[in-house]
Amino acid sequence: MVEPSSLVRWGLRLLALGYVFFLVAWPVALVVQHTFADGLTTLTETLTDPSVQYALTLTLQVAFWAVLINLVFGVTISLLLVRHEFPGKRVLSALIDVPLSVSPVVVGLALLLVYNGRTGWFGPSLEAAGWQVIFDVPGMVMATAFVALPLVIREVVPVLTEIGDDQEQAARSLGASGRQTFLRITLPSIKWAVVYGVVLSLARSLGEFGAVKIVSGNLTDRTQTATLVVEQKYQNFEQSTAYATSFVLAAVSVLCIVVVSLLRPKEASA
Amino acid sequence: MSIEISGVTKRFGDFVALEDVNVSLPTGQLTALLGPSGGGKSTLLRIIAGLETPDTGTVAIEGVDATRLPPRKRNVGFVFQHYAVFKHMTVAKNVAFGLEIRKRPKVEVAERVDELLRLVHLSQFAHRLPSQLSGGQRQRMALARALAVEPTVLLLDEPFGALDAKVRKELREWLRHLHDEVPVTTVFVTHDQEEAMEVADEIVVINEGRVEQVGSPDELYDLPANDFVMSFLGEVTTLGGTQVRPHDVDVATAPRAAGAIEGTIARMLRIGFEVRLTVLTVAGEEVSVVLTRTHARGLGLEEGATVWLTPAPGATVVPAMRPLAV
Ligand SMILES: Nc1ncnc2c1ncn2[C@@H]1O[C@H](COP(=O)(O)OP(=O)(O)O)[C@@H](O)[C@H]1O
Ligand SMILES: [Mg+2]
């Protein structure tokens, strides 16, 4: 005879499993199934399609710069938030969460308003100086960096708070400069949080769609990233190419997260 | 004088943590900053180290004005209450840190680390991580790390505060020996008067942001500057409006001495070789008295008996001016 409480527990487990299955596992599995419906042909064809090749390279470039920018600013802002007191600190902390709550489409439009070359608030002067932001890589990097901004910070801040500044003070009293203290003490202590933040940012950046679509203008073979190619191919009735490209995108993200979870030492979460 | 502190004031918001502190700490000695919790001892120590800047006043170390120098230019070693070990480095790497920062040759660093680990009895733990050490071992490692850079001044903030009583006592004696071996000017913070009396050459008593008295353990005990110092260094009781130690009260069963205070024994407690009396005087004071069991028996004391109390000849007495802060 099964106890009612364990019946409930089993029910809840089934519910959770079903939820994840219908929402995530099954749809993703279908993408995989469509990709490999006729063996490796679709994947090979897709990967040799010049537009797809171009889009994948561009996506990597944009993601690389966006992640790099978020890495540098993310760690710096985290240090500011945890180790320093300054007026406006709470406002800054709240602003960092904006990208999580605002739709990427809005982000794209906002950037367009500021930086577009003809009517933008800032764009014409930049363009006069030879910098094209909108409909070009800089704008796409900005949009992607904006969307992925909180990911590094939200990983690093709790770890910095938890380790406290005792070790940093000890390093300073032993003669270390600010830079030496950061490189030898702070950075090794937050290493895994930074790596995790970077991987999450990377995954997010590879998959960014809405903001990039608006600021890039979606010009084939010029500013079209992988997610934009997926949409276009799908609408042009080249579904199998769309599935294969989606598969590549998903595989890279999943691979990143799996590798980091395997590398990350069990106790060294701090 | 190794450390000269003049006119140092430190506020945190409206709160005055230190108020016009002036102290000179002599070279080569072991000085204790003693006082109750929250009195400003750590703040003063951190100001000496440069981890905190004073609002006013100056700090000079070995004749050099260090008030505006960053910690790394002061050549002080600091040992933190909670060890502040570098968690991701081995014991040897922790100790080597200051030397590596100073870009000393590898061979020299290795030799010095070996020597220091031997000094603090941690040689066999050189390649462990701090998480694999006990509290006492971690604190000894922190001490070796601070000593590695050959500091002019060694500063310790409640170095044994987080350890259990037995380890504490051992480390206390060990610190005294270490100081005799490596006679670097040392300042340590404690709120434990016994620890200060046992280890220090000189004690600075700090209370509510002010220096109450500076002196050797004997001076402080025999000639306390005020009733705060007196009561902080040991038990006191009030007898005829003055403060005196309970074991310094003479008990007589007849009014022999002039000025003796009459009272009745309200309570009598025998603890081992000691007898503790609570005497209620005719003026309404409650006086604590401690005497040996033999002495009490000799006088034939019992509860309800009338006695006459005087401070013993040569006893330390201080007028009771402030309410007791302990
Ligand atoms: N960074 C700080 N900010 C605010 N108040 C502080 C700070 N550091 C110390 N204080 C206050 O100053 C007082 C003295 O502290 P401290 O020097 O640590 O005392 P002690 O070491 O004698 O116990 C305490 O009341 C403490 O709360
Ligand atoms: Mg303290």
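Residues numbered from 1 in each chain as written. Chains lettered and ligands numbered in written order. Predicted model: local features only at pLDDT ≥ 70, side-chain atom pairs only at ≥ 80, totals over all residues. Heavy atoms only, no water.

Some thoughts on the overall build of chain A
And step 1. Broken down by element type, chain A carries 13 helices and 0 strands.
And step 2. Walking chain A from its N terminus toward its C terminus, one meets helices and strands in the order α-α-α-α-α-α-α-α-α-α-α-α-α.
And step 3. Relative to its 270 residues, chain A shows a buried fraction of 37%.
And step 4. Sequence separation of 24 or more characterises 72% of the internal contacts of chain A that already satisfy a separation of 6 or more.
And step 5. Surface accessibility of chain A: about 15000 Å² in total, with carbon and sulfur atoms responsible for 70%.
And step 6. A gap of 7 Å separates the mean positions of the 17 positive and 18 negative side-chain charges of chain A. (Helix = DSSP H or I, 4+ residues; strand = E, 2+ residues; numbered from the N terminus. Buried < 20%, exposed > 50% of the residue type's maximum accessible area, 1.4 Å probe, protein only. Contact = heavy atoms within 4.5 Å. Areas by Shrake-Rupley, 256 points an atom, 1.4 Å probe, with all protein chains shown as cover. Lys, Arg positive; Asp, Glu negative; His and termini not counted. Charge placed at Lys NZ, Arg CZ, Asp CG, Glu CD.)

Looking at the UniProt feature "domain: ABC transporter" (unreviewed entry) in chain B
And step 1. Per the UniProt annotation, the sites labelled "domain: ABC transporter" (unreviewed entry) are residues 3-233 of chain B.
And step 2. Across residues 3-233 of chain B one finds 37% helix and 26% strand; the C-alpha atoms that close the span lie 25 Å apart. (UniProt positions renumbered as here; feature names shortened; annotations may be inferred.)

Some details on the site of ligand 1
All names here are of chain B.
And step 1. Around ligand 1, the surrounding shell consists of Phe-12, Phe-15, Ala-17, Pro-36, Ser-37, Gly-38, Gly-39, Gly-40, Lys-41, Ser-42 and Thr-43.
And step 2. Coverage of ligand 1 by the protein amounts to 59% of the 560 Å² it exposes when considered alone.
And step 3. Counting only elements with at least two residues in the shell around ligand 1, the list comes to strand S2 (15-25) and helix H1 (41-49).
And step 4. Looking at the shell around ligand 1 element by element, the count peaks at 3 residues for H1.
And step 5. For the shell around ligand 1, the class distribution of residues is 4 nonpolar, 6 polar and 1 charged. (Near = heavy atom within 4 Å. Nonpolar A, V, L, I, M, F, W, Y, C, P; charged D, E, K, R; others polar.)

Details of the UniProt feature "transmembrane region" (unreviewed entry) in chain A
All names here are of chain A.
And step 1. Summarizing the sequence annotation, UniProt attributes the feature "transmembrane region" (unreviewed entry) to residues 12-32, 52-82, 94-117, 129-153, 182-203 and 242-263 in the numbering used throughout.
And step 2. The distance from the first to the last C-alpha atom of residues 182-203 is 27 Å, and the span holds 100% helix and 0% strand.
And step 3. Within the segment residues 242-263, helix and strand shares are 100% and 0% respectively, and the terminal C-alpha atoms sit 32 Å apart.

Details of the sheet that holds strand S18 (residues 317-319) of chain B
All names here are of chain B.
And step 1. Ordered by their spatial adjacency, 3 strands build an open sheet running S11-S12-S18, and the pairing between neighbours is antiparallel. Each edge of the open sheet is held by one strand with a lone partner, namely strand S11 (237-239) and S18. The average undirected angle you get between the axes of adjacent strands in this sheet is 40°.
And step 2. In this structure, S11 lies alongside strand S12 (residues 242-244), joined through 3 bridges in antiparallel fashion. Looking at S12, one finds that Leu-239 is bridged to Thr-242. (Pairing = 2+ DSSP bridges. Axes fitted to C-alpha atoms, helices over the stretch in contact; angles between N-to-C directions.)

Observations concerning unusual backbone geometry
Residue and element names in this part refer to chain B.
And step 1. The phi torsion at Tyr-83 lies on the positive side, around 70°, for a residue other than glycine.
And step 2. Assignment of secondary structure puts Tyr-83 in the loop between strand S6 (76-79) and helix H2 (91-101).
And step 3. The backbone phi angle of Ala-84 is positive, close to 50°, even though this residue is not glycine.
And step 4. Note on placement: Ala-84 falls in the loop between S6 and H2.
And step 5. Ala-84 sits in the buried class, given a relative accessible area of 4%.

Notes on the interface of chain A and chain B
And step 1. Between chain A and chain B, the residue contacts involve 16 residues of the former and 23 residues of the latter.
And step 2. Overall, the association of chain A and chain B removes approximately 1700 Å² of surface from exposure, summing both partners, and the carbon and sulfur fraction of that is 61%.
And step 3. Taken as a group, Ser-173, Leu-174 and Arg-184 of chain A account for 37% of the area that chain A buries against chain B, more than any other trio of residues on that side.
And step 4. Summed over the shared surface of chain A and chain B, the result is 1 salt bridge.
And step 5. A salt bridge links Arg-184 of chain A to Glu-100 of chain B; its shortest N-O distance comes to 3.9 Å.
And step 6. Here chain A and chain B share 4 residue pairs in polar contact (both at pLDDT 80 or more) between them.
And step 7. Element by element, the count of residues in the side of chain A that touches chain B is highest for helix H9 (residues 166-173) of chain A, at 7 residues. (Buried area = accessible area lost by both parts, 1.4 Å probe. Salt bridge = Lys/Arg side-chain N within 4 Å of Asp/Glu carboxyl O. Polar contact = N/O pair within 3.5 Å; in protein donor to acceptor, adjacent residues only side chain to side chain.)

Focus on the sheet that holds strand S1 (residues 3-12) of chain B
Residue and element names in this part refer to chain B.
And step 1. As summarised here, the arrangement of the 4 strands in space is S2-S1-S4-S5, forming an open sheet in which the pairing is antiparallel. Of all the strands in the sheet, the pair left with one neighbour each is S2 and strand S5 (64-65).
And step 2. Sheet topology note: the S1/S2 ladder contains 7 bridges and is antiparallel. What sits directly across from Lys-10, in S2, is Leu-18.
And step 3. Along the sheet, H1 contacts S1, S2 and strand S4 (56-61); its crossing angle with S1, the most-contacted strand, is approximately 120°.

Thoughts on the environment of Ser-103 of chain A
And step 1. Mapped onto the secondary structure, Ser-103 of chain A falls in the loop between helix H5 (98-101) and helix H6 (104-115).
And step 2. Separated by 107 residues in sequence, Ser-103 of chain A and Gly-210 of chain A place their C-alpha atoms 8.1 Å apart.

Examining the pairing of S6 of chain B
Residues and elements named next belong to chain B.
And step 1. Burial along S6 is two-sided: Val-76 and Phe-78 and Gly-77 and Val-79, pointing in opposite directions, are all buried.
And step 2. Judged from the 4 bridges that link them, S6 and strand S7 (residues 153-157) form a sheet pairing that is parallel. Across the sheet, residue Val-76 finds its bridge partner in S7, namely Val-153.

Overview of the environment of Val-159 of chain A
And step 1. Inspection of the secondary structure puts Val-159 of chain A in helix H8 (residues 137-163).
And step 2. As for Val-159 of chain A and Ile-69 of chain A, which are separated by 90 residues in sequence, their C-alpha atoms are 20 Å apart.

Some points on the packing of aromatic side chains
And step 1. Taken as a whole and assessed by the stated rule, the structure comprises 10 aromatic pairs over all chains.
And step 2. Pairing Phe-21 of chain A with Trp-26 of chain A gives two aromatic rings, centres 6.1 Å apart and planes at 10°, and the pair type is stacked.
And step 3. The partly exposed category is assigned to Trp-26 of chain A, whose relative accessible area is 44%.
And step 4. Both rings, one in Phe-36 of chain A and one in Phe-247 of chain A, keep their centres 5.1 Å apart while their planes meet at 85°; by these two values the pair is edge-to-face. Highlighted residues: Phe-36 of chain A in the loop between helix H1 (4-35) and helix H2 (41-48) and Phe-247 of chain A in helix H13 (residues 239-263), separated in sequence by 211 residues.
And step 5. An aromatic cluster of at least three residues, connected via ring pairs, comprises Phe-21, Phe-22 and Trp-26 of chain A.
And step 6. Just above the ring of Trp-10 of chain A sits the side chain of Arg-13 of chain A; from NZ or CZ to the centre is 4.9 Å.
And step 7. The side chain of Arg-145 of chain B reaches across the aromatic face of Phe-86 of chain B, ending 4.3 Å from its centre. (Phe/Tyr/Trp six-rings, centres within 6.5 Å; stacked < 30°, edge-to-face > 60°. Lys NZ or Arg CZ within 6 Å of the ring centre and 35° of its normal.)

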